[in-house]
Amino acid sequence: MGFSFQKHYTREEAKALLPQIREWLKQLNHLRQNLAQKDKRIGGRLEQGEDLGGELINEYIKVVCGLRRILREFAEREIQLKDLERGLIDFPAIIGGKEVFLCWEQDEDDIEFWHDLDTGYAGRERL
């Protein structure tokens, strides 16, 4: 039986990425708030029947591209972003020959939990 993921992280490898992941999460949250503001502005102008274009749309596209760029960083590393608001991250790992996720939340200092691929956060167990 094959594994679902090509990349598997040791606890040390995952922990070494935490400073970068914290920065990506901060950027994603900032971009998401920025996008929500632009959505509101665009929506209001559309309701007024304005023809949109120009700077606002250019800014909107830049924000979307920024979000996609950071999300691609996670995807390329096969790191799972489960909940952006909570900063909930899963790293594919092998424990006892079994494929699992190392589970981390942004307010945690270290990676201390794991869970089966199908149990999610509710199935977290201490390493």
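The structure contained in this document is the topic of the report that follows.

**Overview of the overall build of the chain**
The helix and strand inventory of the chain stands at two helices and five strands. Tracing the chain from N to C terminus, the helices and strands come up as α-α-β-β-β-β-β. Computed over its C-alpha atoms, the radius of gyration of the chain comes to 18 Å, more than 25% above the 14 Å expected for a compact globule of 127 residues. Its C-alpha atoms give the chain principal-axis dimensions of about 60 × 30 × 25 Å. Residue pairs in contact within the chain that sit at least 24 positions apart in sequence constitute 48% of those at least 6 positions apart. Accessible area for the chain stands at about 8000 Å²; split by element, carbon and sulfur atoms hold 49% of it.

**So, the pattern of salt bridges**
On inspection of all chains with the given rule, the structure shows eleven salt bridges. When the shortest N-O distance is used, the salt bridge between D110 and K15 registers 3.7 Å. Taken as a pair, D110 in the loop between β3 (98-105) and β4 (113-116) and K15 in helix α1 (residues 11-47) lie far apart in primary sequence, 95 residues in all. Its relative accessible area of 41% is what places K15 among the partly exposed residues. Three or more residues joined by partner-sharing salt bridges are found here, namely R11, K15 and D110.

Reading the values: the criteria
Residues numbered from 1 in each chain as written. Predicted model: local features only at pLDDT ≥ 70, side-chain atom pairs only at ≥ 80, totals over all residues. Heavy atoms only, no water. Helix = DSSP H or I, 4+ residues; strand = E, 2+ residues; numbered from the N terminus. Rg over C-alpha atoms; globule rule 2.2 N^0.38 Å. Contact = heavy atoms within 4.5 Å. Areas by Shrake-Rupley, 256 points an atom, 1.4 Å probe, with all protein chains shown as cover. Salt bridge = Lys/Arg side-chain N within 4 Å of Asp/Glu carboxyl O. Buried < 20%, exposed > 50% of the residue type's maximum accessible area, 1.4 Å probe, protein only.

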